[in-house]
There are 2 protein chains.
Amino acid sequence: MSERLVVALGGNALIRQGDRGTITEQAARSLAAMAAISQTVTAERQLVITHGNGPTVGNILIRQQLARHVTPAMPLDVCGAESQGNIGYLLERALTQVLRQRGIQRPVATLLSLVEVDPHDPAFVNPSKPIGPFLSAAEAEELGRSVPVARDAARGFRRVVASPAPQRIFESAAIEALLAAGVIVITLGGGGIPVVLDSEQQLSGVEAVIDKDLSSSVLARAIGASNLIILTDIDYVYLDFLSAQRRAVQRMRVSEAEDHLRRGEFLPGSMAPKIEAGIAFLYSGGQRVLIGLPEELPQLLQGAAGTEISP
Amino acid sequence: MSERLVVALGGNALIRQGDRGTITEQAARSLAAMAAISQTVTAERQLVITHGNGPTVGNILIRQQLARHVTPAMPLDVCGAESQGNIGYLLERALTQVLRQRGIQRPVATLLSLVEVDPHDPAFVNPSKPIGPFLSAAEAEELGRSVPVARDAARGFRRVVASPAPQRIFESAAIEALLAAGVIVITLGGGGIPVVLDSEQQLSGVEAVIDKDLSSSVLARAIGASNLIILTDIDYVYLDFLSAQRRAVQRMRVSEAEDHLRRGEFLPGSMAPKIEAGIAFLYSGGQRVLIGLPEELPQLLQGAAGTEISP
């Protein structure tokens, strides 16, 4: 009896605030994340690992910008694809190593992923997802001539892009074939590369960022996963998060999660999309959503840490 | 009765000499290459597409170098992984589009690939494969303090790295599972990311470049392909190539190819590794090696263009 898990890792699994972003740091963080995940690998489990890409694609964007007078800058979809290569490689290398060191014979494969979005998605009207480095007022003015830029809280200006809803993962069938063959799959880096398909079947990249938890939910539904596990930098889902009386949630039903979401208990762009991703998954036949820390993944699966949302 | 083909595309399939390297050019070149390949897709054929990455990884290296004071530069293995993301995405997008436009229902997937090399490979003693941009004497002197640099023919200086022999493709089993499920696979970008495995099962990247035709041959053997098809910028294999009396070869046996190779008829780093790749493939059970132009692929398969090497 096999169970199929989708595990979504935060973008800070490879580069954290305060890191310089060197390869040494990234390789060490990849190993730590994959060591935790390797503890959950059993013969009965089919496993898909998805991941964010925030700091990595930020560095790629900085390089594009600084070198643009020497070699043409690539659009955001290509930068996202490069980040899938960068992070996917480090995760696959780390996971292959830790599995071998634990004597587990399971192949690993990293797939690029193209995710269809609707060109009429309302998100395109008002781009609001901040990406790339913080900018000075002068830099923001210059960059703002070609792309939208917004002030990000108290920390300065950043480029903003649309964050449209994921509609379909083009590689779902390939991922299912790999899982059925016992391969552990790393995919959906940065939420996937956003593409649009027109009536002539022309496929084009778009300059947008898809929320990785929402696209992980779309994938989990497409492949009939039983568990969607969202690993992040917080130990529980909290109610009344920003107050001193915040309360950790150990278990809730999907209907309770919906109520809390509607009342605005969860931060937009942070916990809210994770809860939305979980709700959509549970309403389409998913059995369990788990949210917690990467290093507590084994306890999370046993119900001894983190938040569980059930149908 | 299905046949399994490995088609290796030259690195200039996406960026050619004289191109500026813009996304518009790369997208158009990807579509042209995939349009040719799509003509060979039949229900009976399982297809793996491999590709070079020369100009693309060159641009990534330029960006790393120019931005290194702002964000840490990545080593060559990570740059190679980023190029697999960049090129793989554009090829997958283009192939998905042309297949849909031709009404062919076949999924496409792009896999990163890690290729094991021997840390004691003699290639590491004397790095000789030029990579990245041409350098002025001053730039060469600066870069030469940290990595080997050599004069490249009459065109200036370039960084040089080792080009070790590929030993094993880590994703072979995953690729077989995808092919068996009817998925067209894009992989082995730039010849694969070179890694070494030590006695503690530690897996590390190395700063080297693997010849993509040699690694395509290793993959073709691992998955029991019948045909290895090497697409390049020349219409035939030639004997006496550099003379005015050069002769195109339409067909030759593997023993003849070996004789010509031994006599130095083929240019090192150019046609010689393609012939070596073909010989190794044919001696391990391969049925046919084809070498020719991407735009003549359908004729190549019919024996109406290019060079065929048989067992």
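If you're wondering where the values come from, they're calculated on a predicted model, not measured in any experiment.

Cut-offs applied
- Residues numbered from 1 in each chain as written.
- Chains lettered and ligands numbered in written order.
- Predicted model: local features only at pLDDT ≥ 70, side-chain atom pairs only at ≥ 80, totals over all residues.
- Heavy atoms only, no water.
- Helix = DSSP H or I, 4+ residues; strand = E, 2+ residues; numbered from the N terminus.
- Rg over C-alpha atoms; globule rule 2.2 N^0.38 Å.
- Buried < 20%, exposed > 50% of the residue type's maximum accessible area, 1.4 Å probe, protein only.
- Contact = heavy atoms within 4.5 Å.
- Areas by Shrake-Rupley, 256 points an atom, 1.4 Å probe, with all protein chains shown as cover.
- Lys, Arg positive; Asp, Glu negative; His and termini not counted.
- Charge placed at Lys NZ, Arg CZ, Asp CG, Glu CD.
- Least-squares fit on C-alpha atoms with pLDDT ≥ 70 in both.
- Pairing = 2+ DSSP bridges.
- Axes fitted to C-alpha atoms, helices over the stretch in contact; angles between N-to-C directions.
- Parallel < 35°, antiparallel > 145°, perpendicular 65-115°, else oblique.
- Nonpolar A, V, L, I, M, F, W, Y, C, P; charged D, E, K, R; others polar.
- Buried area = accessible area lost by both parts, 1.4 Å probe.
- Salt bridge = Lys/Arg side-chain N within 4 Å of Asp/Glu carboxyl O.
- Polar contact = N/O pair within 3.5 Å; in protein donor to acceptor, adjacent residues only side chain to side chain.
- Domains from an automatic or database assignment.
- Core = buried A, V, L, I, M, F, W, Y, C linked by side-chain atoms within 4.5 Å.
- Phe/Tyr/Trp six-rings, centres within 6.5 Å; stacked < 30°, edge-to-face > 60°.
- Lys NZ or Arg CZ within 6 Å of the ring centre and 35° of its normal.
- 1 Å grid on protein atoms, 1.4 Å probe; cavity = no way out; pocket = protein on both sides within 12 Å on 5 of 7 lines; lining within 4 Å.
- Points joined across faces, edges and corners; volume = space filled by probe spheres on them.

**A word on the overall build of chain A**
Here is step 1 of the chain: Of regular secondary structure, chain A possesses 9 helices and 17 strands.
Here is step 2 of the chain: Taking 19 Å as the expected radius of gyration for a compact globule of 311 residues, we find that chain A reaches 19 Å, a close match to that expectation.
Here is step 3 of the chain: By its C-alpha atoms, chain A is 55 × 45 × 45 Å across when sized along the principal axes.
Here is step 4 of the chain: Buried positions account for 60% of the 311 residues belonging to chain A.
Here is step 5 of the chain: Within chain A, counting contacts between residues at least 6 apart in sequence, those at least 24 apart form 73% of the total.
Here is step 6 of the chain: When the accessible area of chain A is evaluated, it comes to approximately 12,600 Å², of which 49% is carbon and sulfur surface.
Here is step 7 of the chain: For chain A, the centre of its 28 positive side-chain charges and the centre of its 32 negative side-chain charges are spaced 5 Å apart.

**Details of the relation of the copies chain B and chain A**
Both copies of the chain are related through a single rotation about an axis accompanied by a shift along the same axis.
Here is step 1 of the chain: With an RMSD of 0.0 Å, chain B superimposes on chain A once it is rotated by 180 degrees and translated 0.0 Å along the axis. Viewed as a symmetry operation, the transformation between the two copies matches a two-fold axis.
Here is step 2 of the chain: Take the interface residues of chain B: 100% of them recur as interface residues in chain A, which is what a same-surface contact looks like.

**Section: the sheet that holds strand β1 (residues 3-9) of chain A**
Residue and element names in this part refer to chain A.
Here is step 1 of the chain: The 8 strands lie next to each other as β3-β9-β2-β1-β12-β16-β17-β15, forming an open sheet whose pairing is mixed. Of all the strands in the sheet, just β3 (108-110) and β15 (251-253) have a single pairing partner and so form its edges. Ignoring which end each strand starts from, the neighbouring axes of this sheet average 20 degrees apart.
Here is step 2 of the chain: Pairing geometry for β15 and strand β17 (residues 307-310), over 3 bridges, is parallel. Bridge pairing links R253 to S310 in β17.
Here is step 3 of the chain: Its contacts with the sheet place helix α1 (residues 23-38) against β1 and β2 (45-51), and it is angled at close to 160 degrees to β1.
Here is step 4 of the chain: Packed onto the sheet, helix α3 (residues 76-101) meets β1, β2, β3 and β9 (184-187) and runs at close to 175 degrees relative to β3.

**Structural notes on the packing of helix α6 (residues 212-222) of chain A against helix α8 (residues 271-283) of chain A**
Residue and element names in this part refer to chain A.
Here is step 1 of the chain: α8 packs onto α6 with a crossing angle of 10 degrees between their chain directions and a minimal axis gap of 8 Å. Considering the angle they form, α6 stands roughly parallel to α8. Side by side, α6 and α8 meet where K212, D213, L214, S217, A220 and R221 of the first sit next to P273, K274, E276, A277, A280 and F281 of the second.
Here is step 2 of the chain: Split into classes, the residues belonging to the contact of α6 with α8 amount to 6 nonpolar, 1 polar and 5 charged.

**Some remarks on the interface of chain B and chain A**
Here is step 1 of the chain: Across the contact, 56 residues belong to chain B and 56 residues belong to chain A.
Here is step 2 of the chain: Of the roughly 4,700 Å² buried between chain B and chain A on both sides combined, carbon and sulfur atoms contribute 65%.
Here is step 3 of the chain: When the area that chain B buries against chain A is broken down by residue, the three leading residues are B:R63, B:Y89 and B:R100, summing to 15%.
Here is step 4 of the chain: Between chain B and chain A we count 2 salt bridges in total.
Here is step 5 of the chain: Salt-bridge contacts for A:D77 lead to B:R93; the nearest nitrogen and oxygen are separated by 3.3 Å.
Here is step 6 of the chain: If you look at where chain B meets chain A, you find 20 residue pairs in polar contact (both at pLDDT 80 or more).

**Topic: α6(A)**
All names here are of chain A.
Here is step 1 of the chain: Counting buried residues in α6 gives 8 out of 11 residues, a clear majority hidden from the surface.
Here is step 2 of the chain: Among the residues making up α6, those that are buried are K212, D213, S215, S216, S217, V218, L219 and A220.
Here is step 3 of the chain: Its side-chain oxygen placed 2.9 Å from the backbone nitrogen of D213, D211 serves as the N-cap of α6.
Here is step 4 of the chain: Trailing α6 by a residue or two, G224 shows a phi angle of about 65 degrees, which is positive.

**Here's the deal with the domain arrangement of chain A**
All names here are of chain A.
Here is step 1 of the chain: Looking at the assigned domains, one finds that chain A contains domain 1 (3-116 + 165-310) and domain 2 (127-161).
Here is step 2 of the chain: One C-alpha centre belongs to domain 1, the other to domain 2, and the line joining them spans 25 Å.
Here is step 3 of the chain: Counting from both sides, the interface comprises 10 residues of domain 1 and, opposite them, 9 residues of domain 2.
Here is step 4 of the chain: Between domain 1 and domain 2, the buried area comes to about 650 Å², and carbon and sulfur atoms account for 64% of it.

**Examining the nonpolar core**
One broad rule of soluble globular proteins: the nonpolar side chains tend to lie buried together.
Here is step 1 of the chain: Judged by nonpolar contacts, the single largest core of 96 residues is most densely connected at A:L178, A:I275, B:L178 and B:I275.
Here is step 2 of the chain: Discounting chain neighbours no more than four positions away, the residues touching B:L178 are A:A174, A:A177, A:L178, B:A109, B:L111, B:V183 and B:V185.
Here is step 3 of the chain: Of all hydrophobic cores here, the second largest spans 95 residues; its members include A:V108, B:V98, B:V161 and B:V209.

**Notes on the sheet that holds strand β4 (residues 114-117) of chain B**
Residues and elements named next belong to chain B.
Here is step 1 of the chain: Here we have 4 strands laid out as an open sheet, ordered β8-β4-β10-β11, and mixed in their pairing. In the strand order of this sheet, the two ends are held by β8 (166-169) and β11 (203-205), each with one partner. Ignoring strand direction, the axes of neighbouring strands in this sheet form an average angle of 40 degrees.
Here is step 2 of the chain: Relative to β11, strand β10 (residues 193-197) is paired through 3 bridges, and the arrangement is antiparallel. Paired with V196 across the two strands is S204, which belongs to β11.

**Some details on the packing of aromatic side chains**
Here is step 1 of the chain: Following the criterion strictly, the structure yields 2 aromatic pairs over all chains and no others.
Here is step 2 of the chain: Each ring, one from A:Y238 and one from A:F241, has its centre 5.9 Å from the other, and the planes form 50 degrees; the classification is tilted.
Here is step 3 of the chain: A:Y238 gets classed as buried once you look at its relative accessible area, which sits at 12%.
Here is step 4 of the chain: On the basis of relative accessibility, which here comes to 24%, the residue A:F241 falls in the partly exposed class.
Here is step 5 of the chain: Note that B:R158 overlies the ring of B:F134, its terminal NZ or CZ placed 4.8 Å from the centroid.
Here is step 6 of the chain: In this arrangement the basic side chain of B:R168 is found over the ring face of B:F170, its NZ or CZ atom lying 4.6 Å from the centre.

**So, empty space enclosed by the protein**
Here is step 1 of the chain: One pass over the full model with this rule turns up 6 cavities of 30 Å³ or more.
Here is step 2 of the chain: Roughly 130 Å³ of volume is contained in the largest cavity.
Here is step 3 of the chain: If you trace the largest cavity, you find 16 residues lining it, with A:N53, A:L76, A:G80, A:A208 and A:V209 closest to the centre.
Here is step 4 of the chain: Elements represented by at least two residues in the lining of the largest cavity include exactly α3 and β10 (193-197) of chain A.
Here is step 5 of the chain: The class makeup of the residues in the lining of the largest cavity is 8 nonpolar, 7 polar and 1 charged.
Here is step 6 of the chain: Of the volumes computed, that of the second largest cavity is approximately 50 Å³.
Here is step 7 of the chain: What lines the second largest cavity is simply A:I60, A:R63, A:Q64, A:E82, B:I60, B:R63, B:Q64 and B:E82.
Here is step 8 of the chain: At the level of elements, α2 (54-66) of chain A together with α2 (54-66) of chain B are the ones that each hand at least two residues to the lining of the second largest cavity.
Here is step 9 of the chain: When its residues are assigned to classes, the lining of the second largest cavity shows 2 nonpolar, 2 polar and 4 charged.

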